[in-house]
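Residues per chain are reported as follows:
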Amino acid sequence: MKLTRWVLGWCLVLGSLSAFAQEEANKNVLDRIIVKVDNYFILKSEVENQYQQYLTSGQANTPDRCQILEGLVVNKLMLAKAEIDSVIVDDKRIEAELTSRMEQMEGQYGSAKNIVEAYGKSIPTLKEDLRASLKEQLTGRKMQDKITDEVKITPKEVAAFFNEIPRDSLPYLPAEVEISHIIRVAKPNKNQKEELYAKLLDFRRRVEKGESFEDLAKVHSEDLGSGKRGGDLGFAKRGAMVAPFEAAALRLKPNQMSEVVESEFGFHLIQLLEIRGQEYHARHILLRPDYQKLDLTEPTKFLDSIRVLVQRDSTTFEKAAKEFSEDKATQDAGGVIMDATNGGNRLAYDGTMDPALFFALDSMKVGTISAPIPFRTDDGRSAVRILFFKAKHPPHFANLKDDYQKLAQITLSRKKNNAIEKWFMKAKDDVFIFIDEEYKDCRILADVQQRE
């Protein structure tokens, strides 16, 4: 058996697919179990829907159904072996990821009500479905990391890989660009703030009169992660929470409630439960402004003034990004937008680029700064950004000098893939594996007898 590159990409594929969209798509396929790996199974719909998603993605070198099934089998084997080897993902990590995913969905759909209408399921039901999927994803990633943790590459290996490629087979890479941005998030206006303050202060009065903080949090808190636990955030080390929240919480005595606290996440009513050394235990009720209704006037004016300062050489774009950008992912790097696939600072300037970014750059010249552009953050907040078009690199055949980062990533992936292949060949004998007769020609387990 020869594992393909689709295997190593398994976690990335799962991470990019919506669990809910996948579930909806499954309804279009006459379903049945086609693979069992101990207590885990693969449905025919999983293979078919991933295959269709690859076809519609427009990417080159679409894997066939056997390659997709191969990756899914390795996925399930990793999960089965994780149980045997006691590889466990902490519940707190799962909850944190769940909260992040739900916040992204809420930002995308505008409200929890819209999510319910879109999927025809209650928020608790949706969260339970997603929690199970996330647990598998994170466990698989942890198992994969365990297998490949010690795999490293050297510049010599990268050069050797590049030299193995026939000169007439070198990939022709699209144009690439280097871009930086500065983001400012829209803030609620006075009336919106007053409305949120009033609601939280009313909750505070109701608790003081005898109502349960926990029950109010379950019903009203917009922190989808802690809300179902009555706002309970568990024990946190000092420095783990955002500064305004932590400062307010640590000023309280046990069971005391704060005034309304504003942070980058919204507005909080905090109740301290316990302090234990360098840790503290608090719960909160979080309310957020309606991001769809926020006024972009102020962040637009602010960024316009920053743009003028840079154009006049009063400061550099990099310094301004470090000082003023509200995008934590790029702030420290001076606003540079990195390629998530290889960690480099060059982005492919083609159909894979975000359309809004592509068309913004299309009207710019290298070395210029854009006017403020409306922008939606990953967590759904309304924002504005300015772009700095630093450089553009023409299409070219791959070479070591300009494309080392990409070549290094491919070299590392190949080496990790080899490590997983060796692990698979040993691990497959530790679990029960059944593959449906329909897929016998895939020869995923060529030397393993198919069992009913």
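Thresholds applied
- Within any chain, residue numbers begin from 1 and follow the written order of that chain's sequence.
- Totals for whole chains, interfaces and linings use all residues, but because this is a predicted model, local features are given only for residues with pLDDT of at least 70 and pairs of side-chain atoms are given and counted only at 80 or more.
- Hydrogens and waters are ignored; side-chain quantities use all the structure's heavy atoms.
- Put simply, DSSP marks the helices as runs of H or I at least four residues long and the strands as runs of E at least two long, and each gets a number from the N terminus on.
- Should any heavy atoms of two residues lie within 4.5 Å, those residues are considered in contact.
- A residue's pLDDT is the confidence the predictor assigns to it, expressed on a 0 to 100 scale.
- To form a nonpolar core, buried Ala, Val, Leu, Ile, Met, Phe, Trp, Tyr and Cys residues must be joined to one another through side-chain atoms within 4.5 Å.
- Here the term buried applies to any residue with accessible area under 20% of the maximum for its type, exposed to any over 50%, and partly exposed to those in between, with areas from a 1.4 Å probe on protein chains only.
- Criterion for a disulfide: a pair of cysteine sulfur atoms at a distance within 2.5 Å.
- Two strands pair under a simple rule: DSSP has to find at least two bridges between them.
- To obtain an axis, a line is fitted to C-alpha atoms, over the contacting stretch when the element is a helix, and the angle between two such axes runs from 0 to 180 degrees between their N-to-C directions.

The name an unreviewed UniProt entry gives the protein is Peptidylprolyl isomerase, with Aquirufa antheringensis as the organism.

Novice: I'd like a description of the environment of A419, backed by residues and values.
Specialist: In this fold, A419 is placed in helix 17 (residues 400-427). C-alpha separation for the pair A419 and T148, spaced 271 residues apart in sequence, amounts to 6.5 Å. Beyond its immediate stretch of four places on either side in the chain, A419 contacts I147, T148 and V151.

Novice: So what about the confidence of the model for the protein? Which residues, and what values?
Specialist: The predicted coordinates of low-pLDDT regions are not to be read in fine detail. Mean pLDDT over the protein works out to 85, with 90% of the residues at or above the 70 mark. Below a pLDDT of 50 lies the segment residues 1-29, which in the model reaches 79 contacts outside its immediate sequence neighbourhood of four places, other chains included.

Novice: Tell me about the nonpolar core, and please be specific about residues and values.
Specialist: The biggest cluster of nonpolar side chains holds 31 residues, and the ones touching the most others in it are V35, I42, L69 and W423. Of all the secondary-structure elements, those providing two or more residues to this core are strand 1 (33-37), strand 2 (40-43), helix 4 (44-57), helix 5 (65-84), helix 8 (123-148), helix 17 and strand 13 (433-435). Excluding anything up to four places from it in sequence, V35 contacts Y40, F41, I42, L69, V73, F434 and I435.

Novice: Tell me about the state of the cysteines, and name the residues and values.
Specialist: Enumeration over the complete set of coordinates arrives at one disulfide. Note on cysteine connectivity: C66 is disulfide-linked to C442, with sulfurs 2.0 Å apart. Across the S-S bond of C66 and C442 the torsion is about -75°, and the bridge reads as left-handed. Of this pair, C66 sits in helix 5 while C442 is found in the segment after strand 13, placing the two residues 376 residues apart along the sequence. Residue class for C66 comes out partly exposed when judged on its relative accessible area of 27%.

Novice: Which residues make up unusual backbone geometry, and what values do they have?
Specialist: With glycine set apart, most residues show a phi of negative sign, and most peptide bonds adopt trans. Its identity as a non-glycine residue notwithstanding, S86 has a phi of 55°, on the positive side. Tracing the backbone shows S86 in the loop between helix 5 and helix 6 (91-109). The phi dihedral of D313 is positive, around 65°, even though this residue is not glycine. Summarising the element assignment, D313 is placed in the loop between helix 13 (297-311) and helix 14 (317-324).

Novice: Talk me through the sheet that holds strand 13; I want residue IDs and the actual numbers.
Specialist: Judged by pairing direction, the sheet is antiparallel, and its three strands sit side by side in the order 2-1-13 without closing on themselves. A strand with exactly one partner marks an edge of an open sheet, and here the two such strands are strand 2 and strand 13. Put simply, the sheet's adjacent strands are angled 20° from each other on average, direction ignored. Across four bridges, the pairing between strand 1 and strand 2 is antiparallel. Bridging from a neighbouring strand, V37 pairs with Y40 of strand 2. In the packing of helix 5 onto the sheet, contacts are made with strand 1 and strand 2, and the angle to strand 2 comes to roughly 165°.

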